[in-house]
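Chain by chain, the residues:
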Amino acid sequence: MYLFRLAMASLANRRFTAILTAFAIALSVCLLLAVERVRTEARASFASTISGTDLIVGARSGSVNLLLYSVFRIGNATNNIRWDSFEHFANSPKVKWAIPISLGDSHRGYRVMGTTEAYFEHYQYGHQQNLQLASGREFASDPFEVVLGAEVAEALHYKLGDKLVLAHGVAAISLVKHDDKPFTVVGILKRTGTPVDRTLHISLGGMEAIHIDWHNGVPAQGSGRISADQARNMDLTPQAITAFMLGLNSKIATFAVQREINEYRGEPMLAILPGVALQELWSLMGTAEKALFVVSLFVVLTGLIGMLTAILTSLNERRREMAILRSVGARPWHIATLLVLEAFALALFGVLAGLGLLYLGIALAQGYVQSTYGLYLPLAWPSEYEWTLLGGILIAALLMGSVPAWRAYRQSLADGLSIRL
Amino acid sequence: MPRALLALLMLVALPLWAAEPRDLAWSEMIPPDAPAEVPNMKPLHDLSQMGDALAAESAPAAKQDMPNAPVVQSLDGLSVRLPGYIVPLEVSEEGRTTEFLLVPYFGACIHVPPPPSNQIVHVKSEVGVKLDELYQPYWIEGPMQVKASTSDIADAGYQMEAQKIYVYELQE
């Protein structure tokens, strides 16, 4: 114990170098943990976004692309699919439920999704949990009703009964708005921790209604305009949707239905199994994740080598200190332990400060990261794996500390007492 | 004495051996009296039909081969060990696949229709399995449940509650 006190006192004596060294380690530890945490949370949030859906169907593109735009609202669809293709498969005897999705519009950067009541009934996330309303109700027969995701309502301070205007396209700042047909907030969903929180849900009829008087890619001018009331009385059955999700009666039939959709003669379509597409996404991201992890490991190593350099350099200046310690009765192994303890203490400070930095960073960036990237970073205790990483860093520091310890151990008593200049 | 010990060991080993699941081959899951499949002699890539590509587009949807293939009822309740590829259906937050389809082959071959329903096993697993890649075969151990067809909806097939899942390695 007195050796530890001595090591502390010795470090305190050189506090400027010691703090800098510990800070370098802290930064590297923080980086390593941050990379690790973002990686695991990104995976968890992706995996928990969709559950219970057997097939996702969209225009023919790539499976990862279809998964990203239909479920995670990342990227855009290449093409729409026809409404009668959807009806053909929704009425198939093998299909238990079908959710149509229509995307492409937004409201202040949040995506708008046209769908039906089936979405609230059958869409599942996490561990086969259904969506729940925090307040209000689902949208009903009126086309101009909107159900907000939890985060949209919170960030934009909307409550039930508020009117809002949707924008054409998905840009955060849109120049073309559907301002002649405002929507009323009728419901707000409970928080799910998935992209659903950042989505505005309207009926397919509503999606059709806001585009009903558009011709050649521009809204109608003057007398060509169709008011909201006129639109209410028109047939709002959509011509096309962006994608749809299917739940099947038997999981065994998944491949059969998938093949049937991919071979559908009506129009080219693509059906994917969400689990398989997710796995493909992992293997795609796996390489980048590994590269990031290796880079952050090397940063930690650099931090530790910095510490080693600092201790080794100080060793020369401290020959006299060592000699005095020896002359008052310290044995060589005392000196060695002293140096190992110093290295360990530096690394421990570094790790603790790194953890502190990480939590500070998470606390500060949490809101921003969630609203911008939809990634929820919890202020949770380090996971088992993170503890292992931290333990590994401390052990590495102990091993590195043994290098100056060995040198000091070998130096004789006389070496420090008779300084040669 | 050693002989007695050996006898004792064998006595102990006997029930252990009996509990060992039976290795099942995929071909055993097709009933022997199932109607033989009529070989389809058409070439896989029929380039002579290319001029009719548009005609094919307007034709009715392709029908699935054997969506309701016959199953072997006697496998019901049997504890088996079956190798196959995992097609994930449900992935937990920890990234473990807890529900999946087990198939005898998997991958990019889209030239032929998918396996018939008696060559697919719907597996559920409490702990799940962490998949690193889709092209890795696994052994699945557990009791087999056979569900016969109830209606015209294709719901016949094999189900398993996986007790053990481990990587299949090529025997030397």
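Refer to the structure presented above.
First, a word on what this report is: a plain description of the structure on this page. In this text the structure is predicted, and so the values were computed from the model without any measurement. (Residues numbered from 1 in each chain as written. Chains lettered and ligands numbered in written order. Predicted model: local features only at pLDDT ≥ 70, side-chain atom pairs only at ≥ 80, totals over all residues. Heavy atoms only, no water.)

1. As for the environment of Pro 21 of chain B
Residues and elements named next belong to chain B.
Phase 1 of the analysis: One can find Pro 21 in the loop between α1 (2-19) and β1 (22-23).
Phase 2 of the analysis: Between the C-alpha atoms of Pro 21 and Ser 79, which are 58 residues apart in sequence, the distance is 5.0 Å.
Phase 3 of the analysis: Leaving out residues up to four positions away in the same chain, Pro 21 has contacts with Ser 79, Val 80, Arg 81 and Glu 141. (Helix = DSSP H or I, 4+ residues; strand = E, 2+ residues; numbered from the N terminus. Contact = heavy atoms within 4.5 Å.)

2. A few points about the packing of aromatic side chains
Residue and element names in this part refer to chain A.
Phase 1 of the analysis: Applying the stated criterion across every chain yields a total of eleven aromatic pairs over all chains.
Phase 2 of the analysis: Ring plane angle 70° and centroid distance 5.3 Å describe the contact between Phe 120 and Phe 139, whose orientation is recorded as edge-to-face. With Phe 120 in helix α5 (residues 117-122) and Phe 139 in the loop between β7 (133-136) and β8 (145-148), the pair connects residues that are 19 residues apart, well separated along the chain. You'll find Phe 120 and Phe 139 in the same group, each marked buried. (Phe/Tyr/Trp six-rings, centres within 6.5 Å; stacked < 30°, edge-to-face > 60°. Buried < 20%, exposed > 50% of the residue type's maximum accessible area, 1.4 Å probe, protein only.)

3. Re the pattern of salt bridges
Phase 1 of the analysis: Applying the stated criterion across every chain yields a total of 18 salt bridges over all chains.
Phase 2 of the analysis: Across the pair Asp 84 of chain A and Arg 82 of chain A runs a salt bridge whose closest N-O atoms are separated by 3.2 Å.
Phase 3 of the analysis: Overall, Arg 82 of chain A belongs to the partly exposed group, its relative accessible area being 36%.
Phase 4 of the analysis: Between Lys 164 of chain B and Glu 141 of chain B there is a salt bridge, with its nearest N and O atoms 3.9 Å apart. Taken together, the positions of Lys 164 of chain B in strand β7 (residues 164-167) and Glu 141 of chain B in strand β5 (residues 137-147) put the pair 23 residues apart, joining distant regions of the chain.
Phase 5 of the analysis: Among the charged side chains, a salt-bridge network with shared partners connects Arg 14, Arg 318, Glu 321 and Glu 342 of chain A. (Salt bridge = Lys/Arg side-chain N within 4 Å of Asp/Glu carboxyl O.)

4. What about the packing of helix α1 (residues 2-13) of chain A against helix α12 (residues 332-373) of chain A?
Residues and elements named next belong to chain A.
Phase 1 of the analysis: α12 packs onto α1 with a crossing angle of 65° between their chain directions and a minimal axis gap of 9 Å. Handedness of the α1/α12 crossing: right-handed. Contacts between α1 and α12 involve Tyr 2, Leu 3, Phe 4, Leu 6, Ala 7, Met 8, Ser 10 and Leu 11 from the first element and His 334, Thr 337, Leu 338, Leu 341, Glu 342, Ala 345, Leu 346 and Phe 349 from the second.
Phase 2 of the analysis: Among the residues making up the contact of α1 with α12, the classes are represented as twelve nonpolar, three polar and one charged. (Axes fitted to C-alpha atoms, helices over the stretch in contact; angles between N-to-C directions. Left-handed = near helix turned anticlockwise from the far one by under 90°. Nonpolar A, V, L, I, M, F, W, Y, C, P; charged D, E, K, R; others polar.)

5. Focus on the side chain of Asp 197 of chain A
Residues and elements named next belong to chain A.
Phase 1 of the analysis: Relative to the helices and strands, Asp 197 resides in the loop between β11 (183-189) and β12 (199-203).
Phase 2 of the analysis: Residue class for Asp 197 comes out buried when judged on its relative accessible area of 1%.
Phase 3 of the analysis: When neighbours within four sequence positions are excluded, Asp 197 is seen to be in contact with Gly 149, Ala 150, Glu 151, Val 152, Lys 190, Arg 191 and Thr 192.

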